[in-house]
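Here is what each chain is made of, one letter per residue.
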Amino acid sequence: MNLEQLSKEQFIRDFKDTLHEEQLIKVARATPAELFTTLAKLIRRYYTDTWIDRNHKLSENKEKVAYYFSIEFLPGRMLETNLLNLGILDLVKESFEELNVDFQEVVEAEHDMALGNGGLGRLAAAFMDSLATTGYPGFGNGLRYQYGLFKQRIVDGYQVELPDSWFGSIGNVWETRKDHDIVDVKLFGDVYLQADQEGRIVPVYHNAQLLHAVPYDVPQIGFENGVINNLRLWDVEIPEAYELDYPTIEDRRRVQDITAVLYPDDSNYEGKQLRLIQEYFMTSAGLQTIVKSYLKQGLPLENIHEKVSVHINDTHPAVAPAEFMRILLDDYGLTWDAAWETTVQTMSYTNHTILSEALEKWDAELFKKVLPRVYQVILEIDHRFVSNLAKQGYDSGLIERTRIVKDNQIHMANLAIIGGHSVNGVAKLHTDLLKEDTLHDFYTLYPEKFNNKTNGIVQRRWTQIAAPELSQALDETIGKDWRKDIHQLDRLVEFANDDTVLDHFYQVKKVAKERLARYIRETTGIEVSTDAIFDVQVKRLHAYKRQLLNVLHILKLYLDLKENPDKDMVPRVFIFGAKAAPGYHFAKSVIKLINEIANVVNNDSSLQGKLKVVFLENYRVSLAELIIPAADVSEQISLASKEASGTSNMKFMMTGAITLATLDGANIEIKDEVGDDNIIIFGMDKDAVYSHYENHDYYARGIYESNPTIRRVVDSFVNGTIPNAQSEGTEIYESLITHNDEYFLLEDFSAYVAAQEKIDALYRDQKLWARMSLMNIAKSHKFTSDDTITEYAEDIWQLTKNE
Ligand code: 26Q
């Protein structure tokens, strides 16, 4: 259907008819959930033909397609994005006004699709949007978890995890089940190799478990371009023919568990059998489908890399090269050499972390038990890799460090690198560190495989959807072209000295702050003034991200104010949002401490409202949309070298916050864009950090003993300053002093305090601050995921666009 022709009258008629048919009620009596479901069903009807056409055209034209394999996709809500991309968001909003329906309530009736932990999952979702928007044929492949990332509640200051039953009573209105694309996935059992009649060696399985992988497709709509790609999420089912093998509820539950719940990331790798099964299940189902649909084009299998790219998002789907080999060898009879050549050219891999404890390794015995045939294939890949390098005269130490199977473990990153033609990091510094350090051995072997792809964000969500007033102000200042071509934002620079424009943007930020202040009041009861600096740190709670450094600074301010209530400072509201992995003790203690500090600070009238601390529970995409546009200061304070890229830093910048940052991840590239005057950088750089590692010369207790300010702040964890958190206070104290402050907070503390004082001074000069903010918005266009994905498509996947 051509939606350009759609009129308000027609839409209202369609909407009323759908409501009538689906819910048997009238608009005035419908609940927001009913209105949401109806609207979703109607727009599905609007786009279905386009979606089907796209799939047909791609296979008719035999275009090369990239498949993005990711165990996480974190789109958040999809209603507004879908309407925006279809070009009918304003029309629907206006129609609802006429119908006397509160559109915002309808939006909020949609549950976030939270099939991801954080940055990695959100990036995957952004790439789906950008693939459709740029028009490249790129499909997603993942899991249809019944429960996404846990829902966080704060009880007595502690994090409590509840299941995220996102299907609720509505289900997922966007998905379509595709029964004719069901495939079989085999697990467990014994495997023997036998010669068949033609003398080919084939595997014979005994006692294997055979399961159905059932695909559910979710459309990925491009921005105003008529392109709809596909995100395919797999669910598990017991095939009817095997039902007798699962007589009890328990037996069935063990199968359903495969797609029951997303594993929370605690960045410490733990080898759980169910996780391995999840990883294999989606990878095998996806790859089998890809091969089948390729063969329908009648082309030779050994050339599959000419029409297909498979991207491995972190090591979670890194079994892909081995599984692809298994399919090509066992199911289709290719020779090893032909299969290997096309596998390597098909596969590519993105690394998202340099924390070595987060790299996936599987116990060989466990792997062999769950995936006996894939295990054999991996042994063969490993064997050939080792003997090839030995033949070429490589040093045995290097070979040992890079091989896949060693110390009774399967090293998944090694498999992804050896089995693919491309390895990329997600920001310049991160890629450099991979080359120099984490993956240095591989870099000496295969320098040509390494490349950088700095992350990006879907700017449309963070401006047009999350920041409507800002978007309006942009329209009025530089015209509307930026909505389609984000690089137009650069034209804002021309207005850097225009007082009227600066004031306009300052007011826009105020409106967003008022919206957030209202939410804070309603959800926590805390009153915050929008004249205060909104200083925000929202991200997963992890020691390396150093929320605790922020806490140390807050404690310093508190102690200063207690000593001198007349201290001259711009009032501050420190806002946190963060989930801690359920088993991550330290992270949970930091949450408890933040909440107890908030209790002390927010209820102390002697502070005269100069200091407020707010922890907003259940941080997620939809809450980010409320918080980020309201931020004055964006806290990006990870220990240099630890944050691969960060992506919220880009969202804050785009909505006019000033970044307070270490030289880590993409912060460096943000600084390069905005210039030193429009960002506040502090602390050790990566070389300073690495120098401590090399010289083993970091001594936290020394800093603590020689610096009275630091001593006063650190002591406040254990001297009763923060009531109701004795054990957490002690734990934190010990992490800093007894365990030598793994992330060097104490060394960076003074620089951080100085940087915060600079923020205070700058904010007092409203015009200067507004100009910095404007420059950040202007330069944020650099970080659009539309451009990032174009680089993936051109450099790694070699896709073409044939609209
Ligand atoms: C692993 C094994 C078992 C269970 C869970 C996991 C697991 C799950 C998720 C491990 C890691 C993750 C997620 C990692 C992640 O989000 N990394 C972030 O990726 C962003 C996108 O590239 C970067 O911007 C961030 O810097 C990086 O931390």
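Above this note sits the structure.
Note that this is a predicted model, so its numbers are computed, not measured.

Visitor: How should the side chain of Thr259 be read in this particular structure?
Guide: Take Thr259: it is sitting in the loop between α7 (249-256) and α8 (273-295). Note on Thr259: relative accessible area 4%, which makes it buried. A polar contact is formed between the side chain of Thr259 and the side chain of Asp235, at a distance of 2.6 Å. Sequence-distant contacts of Thr259, defined by excluding residues within four places in its chain, comprise Leu143, Arg144, Tyr145, Gln146, Trp234, Asp235 and Val236.

Visitor: What's the story with unusual backbone geometry in this structure? I'm lost.
Guide: With the exception of glycine, the majority of residues adopt a negative phi angle, and the majority of peptide bonds are in the trans configuration. Phi is positive for Asp407, which is not a glycine, with a value near 45°. Notably, Ser641 is not glycine yet its phi reads approximately 95°, a positive angle. Mapping Ser641 onto the fold places it in the loop between β23 (633-636) and α23 (648-654).

Visitor: Would you explain the sheet that holds strand β16 (residues 405-406) in this entry?
Guide: Paired through their backbone hydrogen bonds, the strands of a sheet run either parallel or antiparallel. Within the open sheet, the three strands sit side by side as β15-β17-β16. Their pairing is antiparallel. Unpaired on one side and paired on the other, β15 (361-363) and β16 mark the two borders of the sheet. As paired strands, β16 and strand β17 (residues 409-411) are joined by two bridges and run antiparallel to one another. Residue pairing across strands places Lys406 opposite Gln409, the latter belonging to β17.

Visitor: What exactly am I supposed to notice about the nonpolar core here?
Guide: In summary, soluble globular proteins display a tendency toward joint burial of nonpolar side chains. Counting 281 residues, the largest nonpolar core has Phe11, Phe367 and Phe717 as its most contacted members. Taken together, domain 1 (62-77 + 112-346) and domain 2 (511-763) each give at least three residues to this core, which thus spans both. Beyond its immediate chain neighbours, meaning those up to four positions away, Phe11 contacts Leu6, Leu39, Leu42, Tyr46, Leu91, Val92, Ser95 and Phe96.

Visitor: Honestly, the pattern of salt bridges in this entry has me stumped. Any pointers?
Guide: A side chain of one charge can pair with a side chain of the opposite charge if their charged atoms are brought near each other. As enumerated under the stated definition, the model contains 52 salt bridges in all. Measuring nitrogen to oxygen at the nearest pair gives 3.2 Å for the salt bridge that ties Lys779 to Asp490. One end of the pair, Lys779, is in helix α30 (residues 766-779); the other, Asp490, is in the loop between α18 (468-478) and α19 (499-524), with 289 residues separating them in the sequence. Given the relative accessible area of 28%, Asp490 is considered partly exposed. The shortest N-O distance in the salt bridge between Asp568 and Arg764 comes to 3.1 Å. Placement of Asp568 in the loop between α20 (547-563) and β21 (572-577) and of Arg764 in helix α29 (residues 745-764) is noted, with a sequence separation of 196 residues between them. On the accessibility criterion, Arg764 (42% relative accessible area) is partly exposed. When salt bridges with common partners are traced through the structure, they connect Lys556, Asp560, Glu563, Lys567 and Arg712 into a single cluster.

Visitor: Could you clarify how one ought to interpret the packing of aromatic side chains in this entry?
Guide: To describe a pair of aromatic rings, one takes the distance between the centres and the angle between the planes. What the rule picks out here adds up to 20 aromatic pairs. Between the aromatic rings of Tyr690 and Tyr693, the centroid separation amounts to 5.6 Å while the plane-to-plane angle is 65°, which identifies the pairing as edge-to-face. You can see Tyr690 and its partner Tyr693 sitting in helix α25 (residues 686-695), three residues apart, about one turn around the helix. Ring-pair connections join several aromatic residues into one group, and the members of that group are Phe11, Phe15, Phe96 and Phe103. For Lys449, the ring lying beneath its charged end belongs to Tyr446, and the centroid distance is 3.8 Å.

What counts and what doesn't
Residues numbered from 1 in each chain as written. Predicted model: local features only at pLDDT ≥ 70, side-chain atom pairs only at ≥ 80, totals over all residues. Heavy atoms only, no water. Helix = DSSP H or I, 4+ residues; strand = E, 2+ residues; numbered from the N terminus. Buried < 20%, exposed > 50% of the residue type's maximum accessible area, 1.4 Å probe, protein only. Polar contact = N/O pair within 3.5 Å; in protein donor to acceptor, adjacent residues only side chain to side chain. Contact = heavy atoms within 4.5 Å. Pairing = 2+ DSSP bridges. Core = buried A, V, L, I, M, F, W, Y, C linked by side-chain atoms within 4.5 Å. Domains from an automatic or database assignment. Salt bridge = Lys/Arg side-chain N within 4 Å of Asp/Glu carboxyl O. Phe/Tyr/Trp six-rings, centres within 6.5 Å; stacked < 30°, edge-to-face > 60°. Lys NZ or Arg CZ within 6 Å of the ring centre and 35° of its normal.

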